[in-house]
There are 4 protein chains.
Amino acid sequence: MPTYDALREECCEANRLLPGTGLVDLTFGNVSVCDRDAGAFAIKPSGVDYDRLTPADMVVLDFEGQVLAGTLRPSSDTPTHRHLLQAFTGIRAVVHTHSRHAVAFAQAGRPIPCLGTTHGDYFHGPVPVTRPLTAKETGPDYEWETGKVIVEAFHDLNPLHVPAALVRGHGPFTWGASGRQAVEHARVLEIAAQMALATLALDPAAEPLPPHLLDRHFFRKHGPGAYYGQPA
Amino acid sequence: MPTYDALREECCEANRLLPGTGLVDLTFGNVSVCDRDAGAFAIKPSGVDYDRLTPADMVVLDFEGQVLAGTLRPSSDTPTHRHLLQAFTGIRAVVHTHSRHAVAFAQAGRPIPCLGTTHGDYFHGPVPVTRPLTAKETGPDYEWETGKVIVEAFHDLNPLHVPAALVRGHGPFTWGASGRQAVEHARVLEIAAQMALATLALDPAAEPLPPHLLDRHFFRKHGPGAYYGQPA
Amino acid sequence: MPTYDALREECCEANRLLPGTGLVDLTFGNVSVCDRDAGAFAIKPSGVDYDRLTPADMVVLDFEGQVLAGTLRPSSDTPTHRHLLQAFTGIRAVVHTHSRHAVAFAQAGRPIPCLGTTHGDYFHGPVPVTRPLTAKETGPDYEWETGKVIVEAFHDLNPLHVPAALVRGHGPFTWGASGRQAVEHARVLEIAAQMALATLALDPAAEPLPPHLLDRHFFRKHGPGAYYGQPA
Amino acid sequence: MPTYDALREECCEANRLLPGTGLVDLTFGNVSVCDRDAGAFAIKPSGVDYDRLTPADMVVLDFEGQVLAGTLRPSSDTPTHRHLLQAFTGIRAVVHTHSRHAVAFAQAGRPIPCLGTTHGDYFHGPVPVTRPLTAKETGPDYEWETGKVIVEAFHDLNPLHVPAALVRGHGPFTWGASGRQAVEHARVLEIAAQMALATLALDPAAEPLPPHLLDRHFFRKHGPGAYYGQPA
């Protein structure tokens, strides 16, 4: 029986990064990481403090939601993570936080507009906000339906180009190629949200970055023409 | 003669949590914890720094306000705590802070609206603000009257479902089943207040969470159907 | 020849408190402490980092501005401190900072209104802002004239009841019975300013604390009827 | 072959100051320092964490952009730094950050107005914002063109009197006589931006500092008549 050691270690390490980022209070945040070949993902256990998490505490599930390893109860947000990992096949990890400025946009039901290059370096356009869930969607499958409305918001968006979404009235989810990268996206999302809030306070009609500038910034960091950072 | 060791220890520990939460400046905050069987509650002494508090410094009083143990003067807010502990029989501890964003709502005389799930996970609806105290109520029994207007604000609210109130022009009181939980409620209240302020800056007419979503979040954490965290 | 050791020590200690308060950036802040019997006051040297200040670095001057002890150049704000120490005979220490929210009110040319009890516990009414200095007052005696417009703003105010002022377009000065107390007043002023800003964001027409509540709070901490803190 | 040891050391030290200032997140910031006699400048390598930077990691280039020393890829913003170091012959160092409040002004396309003495102590008037770059300027020479629009914004400004600019939709650049001083200017710019934002929230029509007060503050710190700090 596989023990998923590497997966649990990566997942544990990424979860333990959260408090140091300033993005999470109490236990309001969680990271999942998947191994597509193994058909499994690891996720934080529910309501456990970050600083005493060990790899063995991580719960491993398959993509149908059956527990494969671990004795603790997984995060109550597990079905949302599972939905995103299923639907966005190009990603490996998902992060959920209640970071304060991103939550403000989610609570106001507004996408985070792309007002500058800090945003554009990571997100190729506005970060969408989901439609409200109906009363029926807020039933027993609530967390699964939450994943569904996120995916719905990406029907004409590339989740690799905009690795983040806001769930209306709730907060942000981000994703990436690794636990560490998904956490980085959660950090930049919060920074971009804070900057957008301050910008809109100065000018409620602030204009988004023009497409040529957005493309320049996003693609100097992503894709074949990227020239930011050191060659691999 | 009882020495109330366990009560004083819990009370001291909860008071000492306060500075680390970022909720209190100087000595603007205090925690009380009661033992209903013993007919007694412990509270912080007035104007003493948190980092040198010991359990022996805690003042123990009965529910009529007579000192049972301790040599220091109790917090000047003691009658407010005593009133709340008397009136809300389902609680064990009360916290008072001047946390900045919650105070802003108290100073504006506005309840903190329930705009998102961070709020709804802990408070089943808006956090009420008291009516202003009259000149007469601001006399020698001022702190006792402060408790009274809080209780008045809960005439049709369940204090176990909304474990917090704002005293108009003053600041927040929270409560809970233990010193530690009451402090947790004070932390979440401040976070919810900060998020609400930022949300209202984006949209002054932001809508509260719909009832179905509020119920889902509050009751996934509270009551018989709760599924957040680990089984006890 | 006197060496003013106690005075310099108190002054040095109070200056060294500043960075830990979060009120000052770089070297934007200074404390003076006076000994009225000795006819002398000590003040921070100009442009020196707080963490390497020693009592011997403090510059001691008489009330006419003559240096009595010390080899460094005193703070460029020395004439303002000297003016306040001369005019407000009931105080012993003065603090100047550029704390950010208090500066915002100074830059907006608005007094900090007394919107709640955090403010009212320390300041018996709004914290006044000076009139703008004229071009002539901004000449060679600029720092002395700065003291003068502060004193002018107190022509019908008791500086012991409102131990703080905002210099228009500049920032706050506070004072007290000791270096440590004047720093405490600087801290509370900044907190009150931050709370006022957030309150005015929620309600631009927020009402000041009614007089009965202001009196209750200020006088439970000050004067013969005070009952906050421990008996001396 | 010269090794530029002193230059790299100063540049490395200044880059390593950045995270402690709170001005940069992740790797969003960089410092360059030049030696005009040697016709060379050193700059941070692209995408490398600050806490593991060593002087040997600094990349040294000439003013035409040819690498003189170093094996890593220089910051992607190198051509902007190079342009500024070429055009502003009185400076020795350039800093770029995405500090949050300065970015808000850049994203709103507004200069930072000089609303108080904190600003006026360092910047003799408003900090200008560039015009938007055209689509053509956002081509392969984008970073060089970014330098060009900054210089354009200074056609009637003295860069030694206003050692900072905002690139529209992007963020701040500052400069100075040393790496350390350019970082100090980046810190004060962010503080001034935060104060300006809060001031404009209180009064959207807040008035700039009158010229006599601005002159008094700027020139008490700069030029032959300066009397702030200790004599050299």
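Before reading further, recall that the structure is shown in the block above.
Worth saying up front: this structure is predicted, and the values here are computed from it rather than measured.

Trainee: Which residues make up the relation of the copies chain D and chain A, and what values go with them?
Mentor: With an RMSD of 0.0 Å, chain D superimposes on chain A once it is rotated by 90° and translated 0.0 Å along the axis. The transformation just described matches what one would write down for a four-fold rotation axis. Minimal C-alpha distance to the rotation axis in chain D is attained by Ala-201 of chain D, lying at 5.5 Å.

Trainee: Now, about the interface of chain B and chain A: what can you tell me, with residues and values included?
Mentor: Listed by partner, the interface residues are 32 residues for chain B and 32 residues for chain A. Between chain B and chain A, a total of about 2700 Å² is buried, with carbon and sulfur atoms accounting for 55% of that surface. When the buried area of chain B at its contact with chain A is split by residue, Met-195, Leu-202 and Gln-230 of chain B rank highest and sum to 24% of it. Counting across the interface, chain B meets chain A through two salt bridges. Here Asp-77 of chain A makes a salt bridge to Arg-220 of chain B, at a shortest N to O gap of 3.4 Å. At the boundary of chain B and chain A, one finds 19 residue pairs in polar contact (both at pLDDT 80 or more). Residue assignment for the side of chain B that touches chain A shows that the elements contributing at least two residues are helix H4 (117-120), helix H6 (179-202) and helix H7 (211-221) of chain B. Top contributing element to the side of chain B that touches chain A by residue count: H6 of chain B, with 11 residues. Taken together, the residues that form the side of chain B that touches chain A break down as 16 nonpolar, nine polar and seven charged.

Trainee: Please set out the interface of chain D and chain A residue by residue, giving values where relevant.
Mentor: On the side of chain A, 32 residues touch chain D, which itself brings 32 residues to the contact. Between chain D and chain A, a total of about 2700 Å² is buried, with carbon and sulfur atoms accounting for 55% of that surface. Counting every contact that joins chain D to chain A gives two salt bridges. In this structure, Glu-143 of chain D and Arg-220 of chain A form a salt bridge, with 2.6 Å as the shortest nitrogen-oxygen distance. Viewed at the interface, chain A and chain D are joined by 19 residue pairs in polar contact (both at pLDDT 80 or more). Of all the secondary-structure elements, those providing two or more residues to the side of chain D that touches chain A are helix H3 (100-108), helix H5 (142-153) and helix H6 (179-202) of chain D.

Trainee: If you had to explain the environment of Glu-64 of chain A to someone new, which residues and values would you point to?
Mentor: All names here are of chain A. Along the chain, the position of Glu-64 falls in the loop between strand S3 (59-62) and strand S4 (67-69). A relative accessible area of 58% means that Glu-64 is categorised as exposed. Along the backbone, Glu-64 and Pro-79 are 15 residues apart, and their C-alpha atoms lie at a distance of 9.3 Å. The residues contacting Glu-64, other than those within four sequence positions of it, are Arg-82 and Gln-86.

Trainee: Give a description of the arrangement of the chains that names residues and reports values.
Mentor: Left apart from each other, chain A and chain C have a closest C-alpha approach of 11 Å. At the level of C-alpha atoms, the two units chain B and chain D stay apart, their nearest approach being 11 Å.

Trainee: Describe the layout of surface pockets, and please don't skip the residues or the numbers.
Mentor: It is a probe the size of a water molecule, rolled over the atoms, that shows where empty space is left. By volume, the second largest pocket amounts to about 1200 Å³. Of all the elements in the fold, those that place two or more residues in the lining of the second largest pocket are helix H1 (5-21) of chain A together with helix H1 (5-21), strand S7 (171-176), H6 and H7 of chain B. Element by element, the count of residues in the lining of the second largest pocket is highest for H6 of chain B, at six residues. When the residues that make up the lining of the second largest pocket are grouped by side-chain class, the tally is 18 nonpolar, 11 polar and nine charged.

Trainee: Just give me the short version of the sheet that holds strand S1 (residues 29-35) of chain B, but keep the residues and values in it.
Mentor: Residues and elements named next belong to chain B. Taken together, seven strands build an open sheet; the order of strands is S4-S3-S2-S1-S5-S7-S6 and the sheet is antiparallel. The sheet terminates laterally at strand S4 (67-69) and strand S6 (164-167), the two strands that pair on one side only. In this sheet, adjacent strand axes meet at a mean angle of 25° when their direction is disregarded. Strand contacts of H1: S1, strand S2 (40-43), strand S3 (59-62), S4 and strand S5 (93-97), with the helix running at about 155° to S1, the strand carrying the most contacts.

Trainee: Please set out the nonpolar core residue by residue, giving values where relevant.
Mentor: Ranked by internal contacts, the top residues of the largest apolar core, which has 43 residues, are Phe-105, Leu-166 and Trp-175 of chain C. The dominant element in this core, judged by the number of residues it contributes, is helix H6 (residues 179-202) of chain C, at six residues.

Trainee: Tell me about the packing of aromatic side chains, and please be specific about residues and values.
Mentor: Inspection of the entire model under this criterion finds 28 aromatic pairs over all chains. Aromatic side chains Phe-28 of chain A and Tyr-122 of chain B sit 6.0 Å apart centroid to centroid with 50° between the ring planes, which places their arrangement in the tilted category. You can see Phe-28 of chain A sitting in the loop between H1 and strand S1 (29-35) and its partner Tyr-122 of chain B sitting in the loop between H4 and helix H5 (142-153), one on each of two chains. One exposure class covers both Phe-28 of chain A and Tyr-122 of chain B, and it is buried. Measuring from centroid to centroid gives 5.9 Å for Phe-41 of chain A and Phe-63 of chain A, while their planes differ by 50°, and the two rings are tilted. Note that Phe-41 of chain A is positioned in strand S2 (residues 40-43) and Phe-63 of chain A in the loop between S3 and S4, a separation of 22 residues in sequence. Judged by relative accessible area, which is 0%, Phe-41 of chain A ranks as buried.

Trainee: Quick one: what's the story with helix H3 (residues 100-108) of chain B, residue by residue and with numbers?
Mentor: For H3 of chain B, the tally of buried residues reaches eight of nine residues, placing the bulk of the element in the interior. Its buried side turned inward, H3 of chain B meets S6, S7 and H6 of chain B together with H6 of chain C. Following H3 of chain B by one or two positions, Gly-109 of chain B has its phi on the positive side, about 70°.

So, how was this worked out
Residues numbered from 1 in each chain as written. Chains lettered and ligands numbered in written order. Predicted model: local features only at pLDDT ≥ 70, side-chain atom pairs only at ≥ 80, totals over all residues. Heavy atoms only, no water. Least-squares fit on C-alpha atoms with pLDDT ≥ 70 in both. Contact = heavy atoms within 4.5 Å. Buried area = accessible area lost by both parts, 1.4 Å probe. Salt bridge = Lys/Arg side-chain N within 4 Å of Asp/Glu carboxyl O. Polar contact = N/O pair within 3.5 Å; in protein donor to acceptor, adjacent residues only side chain to side chain. Helix = DSSP H or I, 4+ residues; strand = E, 2+ residues; numbered from the N terminus. Nonpolar A, V, L, I, M, F, W, Y, C, P; charged D, E, K, R; others polar. Buried < 20%, exposed > 50% of the residue type's maximum accessible area, 1.4 Å probe, protein only. 1 Å grid on protein atoms, 1.4 Å probe; cavity = no way out; pocket = protein on both sides within 12 Å on 5 of 7 lines; lining within 4 Å. Points joined across faces, edges and corners; volume = space filled by probe spheres on them. Pairing = 2+ DSSP bridges. Axes fitted to C-alpha atoms, helices over the stretch in contact; angles between N-to-C directions. Core = buried A, V, L, I, M, F, W, Y, C linked by side-chain atoms within 4.5 Å. Phe/Tyr/Trp six-rings, centres within 6.5 Å; stacked < 30°, edge-to-face > 60°.

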